[in-house]
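The primary structure of each chain is shown beneath.
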Amino acid sequence: MTELLELYQELGISPAVHAYGEATLEKLKERFDAIDKIAEYNQAKVIKAMQRNRVSAACFAATTGYGYDDVGRDTLERVYADVFHTEAALVRPQITCGTHALTVALAANLLPGDELLSPVGAPYDTLQEVIGIRESPCSLKEYGVSYRQVNLLPDGTFDYEKIRQAINEKTKVVTIQRSKGYDTRPTFSVGQIGELIAFVKSVKPDVICMVDNCYGEFVETIEPSDVGADMIVGSLIKNPGGGLAPIGGYICGTEACVTRCAFRLSAPGLGQEVGANLGIMPAFYQGLFLAPTVVAGAEKGAVFAANLYEPLGYHCVPNAAESRHDIIQAVELGSEEAMVAFCAGIQAAAPVDSFAAPMPWDMPGYDSKVIMAAGAFVQGSSIELSADGPIRAPYAVYFQGGLTWYHAKLGILMSLQKLCDAGIVKL
Ligand SMILES: *Cc1c(COP(=O)(O)O)cnc(C)c1O
């Protein structure tokens, strides 16, 4: 084991940081066992869906052009529908990212005069222009779709009374963001989301409940689609792509909702019948196959980070002891300087672009400067080890991912090392 210590030193980790990390890990055995149990369950769930749909080598063939009768694509969509227990699924490389998937799901199911309700406070930054909370050409608002929002109560729970009042004859879709995103509210458990959906449907049964499932897939044994969501939506360069999908998004849900999404994505009448797979199927299948264990590794990294930083006086969301419902760990670092140091550590630990220095920049879709650290095989992939955050109070860095637990561990240790080197943390 001294050899390992030497190797860590060569990578830039001091003996003091390493020792502090090992002492932290000693206390996490039970937490890690529980994460492994969930991964085992989800692995079996994915294998069962692949077997049931007779996935074979024929599914990995590339198609081009219109992509009619694309066996690989059609089978993959049935596999996703089975994994998430939905009637239908749309899983495509033509969906460029999570925001795009959410845009398709919303635009397909909201018509002029309809209203969208977010009962969980403001949605993720990029969705604000999609909805028209911040003006943008082609926003839902421009097409005559109105928007209402009910904020969470100060303790992070749902304001049921205000939600009841906000639901009206125009309310057509309710959007529920599972993960906190760039916020410091808690992430909701699938159980909590189920309660919220049941409440919304008790007020208005025919309302469509959509869950932004980004970062939540496979963290629990059930998904929002198991507790009443009509649509769940996410990105393949996050959890379900398992780090292998180089692009893509998914929408799983009722036949009625997903068919409309397919008409919106391609064209009315064409829907899911077109959309060549361009040879991407092996990565989509294998990524989904690996996703449960990749998510488990990332979650271990998040738990480790909270347990490393909280005793040093940094506010962590979730805190060191809390149960987890997504793979994101927020650490409130209190200054831009500390955010830059933390991100420098994540970057320095990467297999790719480890020599780069992340700097705050004006990123499209975000209203304050953002810093991002990632040395990823897939650009912008946040199931790979990455850290980012908007440069605004409380200067929280959002840390996530890690295709392997050991890489996540190295990255977190390196972030601490950089904070020590900058004189911000003293061990
Ligand atoms: C990442 C994310 C999105 C947007 O996904 P992109 O792929 O970055 O467009 C939307 N909602 C939440 C909660 C996210 O974490």
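The residue count restarts for each chain, going from 1 along the sequence in the order it is written. Reporting of local features is limited, given that this is a predicted model, to residues whose pLDDT is at least 70; pairs of side-chain atoms are given and counted only at 80 or more, and all residues count toward the totals for whole chains, interfaces and linings. The basis for the side-chain values is all heavy atoms of the structure; hydrogens and waters are excluded.

(A) Summary view of the site of the ligand. Every residue near the ligand is listed here: Cys97, Gly98, Thr99, Leu102, Tyr124, Gln177, Asp212, Cys214, Tyr215, Ser235 and Lys238. One of the side-chain N or O atoms of Asp212 is found 2.5 Å from a nitrogen atom in the ligand. Nitrogen and oxygen atoms within 3.5 Å of one another constitute a polar contact, given that in protein one can donate a hydrogen and the other can accept it, and given that sequence-neighbouring residues count only through two side-chain atoms. Side-chain polar atom of Lys238 to an oxygen atom of the ligand: 2.9 Å apart, as the coordinates give it. Burial of the ligand by the surrounding chains reaches 90%, relative to a free accessible area of 380 Å². Within this scheme a cavity is a closed region of a 1 Å grid, computed over the protein atoms alone, that accommodates a 1.4 Å probe without allowing it to escape, whereas a pocket is open but has protein on both sides within 12 Å along at least five of seven lines; lining residues each have an atom within 4 Å of a point. If over half the atoms of a molecule are within 2 Å of the grid points of a cavity or pocket, the molecule is regarded as sitting in it. Cavity membership is defined here by more than half of the atoms lying within 2 Å of grid points; on that basis the ligand lies in the largest pocket. Numbering of helices and strands starts at the N terminus; helices are DSSP runs of H or I of at least 4 residues and strands are runs of E of at least 2. When residues in the shell around the ligand are grouped by element, the largest group, 3 residues, is from helix 5 (residues 98–109). Its residues assigned to classes, the shell around the ligand comprises 5 nonpolar, 4 polar and 2 charged. Residue proximity to a molecule or strand is established when one non-hydrogen atom of the residue lies within 4 Å of it. Only the protein chains shown count as covering a residue, and every accessible area follows the Shrake-Rupley method with a 1.4 Å probe. For this classification, Asp, Glu, Lys and Arg are treated as charged, while Ala, Val, Leu, Ile, Met, Phe, Trp, Tyr, Cys and Pro are nonpolar and the rest, including Gly, are polar.

(B) Spatial organisation of the pattern of salt bridges. A side-chain nitrogen of Lys or Arg and a carboxyl oxygen of Asp or Glu constitute a salt bridge if their distance falls within 4 Å. Per the counting criterion, the structure on display carries 18 salt bridges. The shortest N-O distance in the salt bridge between Glu22 and Lys409 comes to 2.8 Å. Residue Glu22 is located in helix 2 (residues 15–26), and its partner Lys409 is located in helix 12 (residues 405–421); the two are separated by 387 residues in the primary sequence. Relative accessible area serves as the criterion here: at 9%, Lys409 is assigned to the buried category. In this structure, the salt-bridge partner of Glu135 is Lys141, at a minimum N-O distance of 2.6 Å. What makes Glu135 exposed here is its relative accessible area of 61%. Three exposure classes are used, based on accessible area relative to the maximum for each residue type with a 1.4 Å probe and protein chains only: buried under 20%, partly exposed in between, and exposed over 50%.

(C) Up close: the pairing of strand 3 (residues 146–149). Between any two strands, at least two bridges found by DSSP are needed for them to pair. Where strand 2 (residues 115–118) lies against strand 3, 4 bridges are found, and the strand directions are parallel. Bridging across to strand 3, Leu116 finds its partner in Tyr147. A crossover counts as right-handed when, viewed with the strands pointing away from the observer, the path leading from the first strand over the helix to the second turns clockwise. In this view, the connection linking strand 2 to its parallel neighbour strand 3 by way of helix 6 (residues 125–131) has right-handed handedness.

(D) Broad picture of the environment of Arg185. Here Arg185 shows up in the loop between strand 4 (171–177) and helix 8 (190–203). Residue classification places Arg185 among the buried positions, given a relative accessible area of 10%. Residues Arg185 and Gly156, spaced 29 residues apart in sequence, show a C-alpha to C-alpha distance of 6.0 Å. Within the structure, Arg185 has its side chain in polar contact with the backbone oxygen of Gln177 (distance 2.8 Å). At 3.1 Å, the side chain of Arg185 forms a polar contact with the backbone oxygen of Ser179.

(E) Structural view of the nonpolar core. Tyr80, Phe84, Ile163, Ile176, Val200, Phe218 and Tyr250 are the most contacted members of the largest nonpolar core, which has 61 residues in total. Whether two residues are in contact is decided by their heavy atoms, any of which lying within 4.5 Å being enough. Not counting residues within four places of it along the chain, the set of residues in contact with Ile176 comprises Pro119, Val120, Ile193, Leu196, Ile197, Met210, Val211 and Asp212. Of all hydrophobic cores here, the second largest spans 44 residues; its members include Leu25, Leu28, Ile346 and Leu413. Each nonpolar core is a collection of buried residues, namely Ala, Val, Leu, Ile, Met, Phe, Trp, Tyr and Cys, held together in the definition by side-chain atoms within 4.5 Å.

(F) Quick peek at helix 10 (residues 281–309). Here, expected helix span is obtained from the residue count minus one, scaled by 1.5 Å. Helix length check: helix 10 (29 residues) gives 40 Å between terminal C-alpha atoms against 42 Å at 1.5 Å per residue, within 8%. At any given residue, the bend is defined as the angle formed between two axes, one fitted to the seven residues that end at that position and one fitted to the seven that begin there. The sharpest bend along helix 10 measures roughly 50° and falls at Ala291, with the proline Pro292 sitting one to four residues further on. Summarising burial for helix 10: 24 of the 29 residues are buried, a large majority.

(G) How the structure looks around the environment of Gly12. Within the fold, Gly12 resides in the loop between helix 1 (2–11) and helix 2. Of the residues examined, Gly12 reaches a relative accessible area of 36% and is grouped as partly exposed. Linking Gly12 and Lys418, residues 406 residues apart in sequence, is a C-alpha distance of 9.4 Å.

(H) Structural detail: the sheet that holds strand 11 (residues 386–390). Read from one edge of the open sheet, 5 strands run 8-9-12-11-10, paired in antiparallel fashion. The two strands at the open ends of the sheet, each matched to only one other strand, are strand 8 (315–317) and strand 10 (370–374). Across this sheet, the average inter-strand angle for adjacent strands is 20°, counted without regard to direction. Relative to strand 12 (residues 396–400), strand 9 (residues 329–332) is paired through 4 bridges, and the arrangement is antiparallel. Counted as the bridge partner of Glu332 is Ala396 from strand 12. Under this scheme, a helix contributes an axis fitted over its contacting stretch, all axes are lines through C-alpha atoms, and angles between N-to-C directions fall in the 0 to 180 degree range. Helix 11 (residues 336–348) rests against strand 10, strand 11 and strand 12 of the sheet, and its axis sits at about 20° to strand 10.

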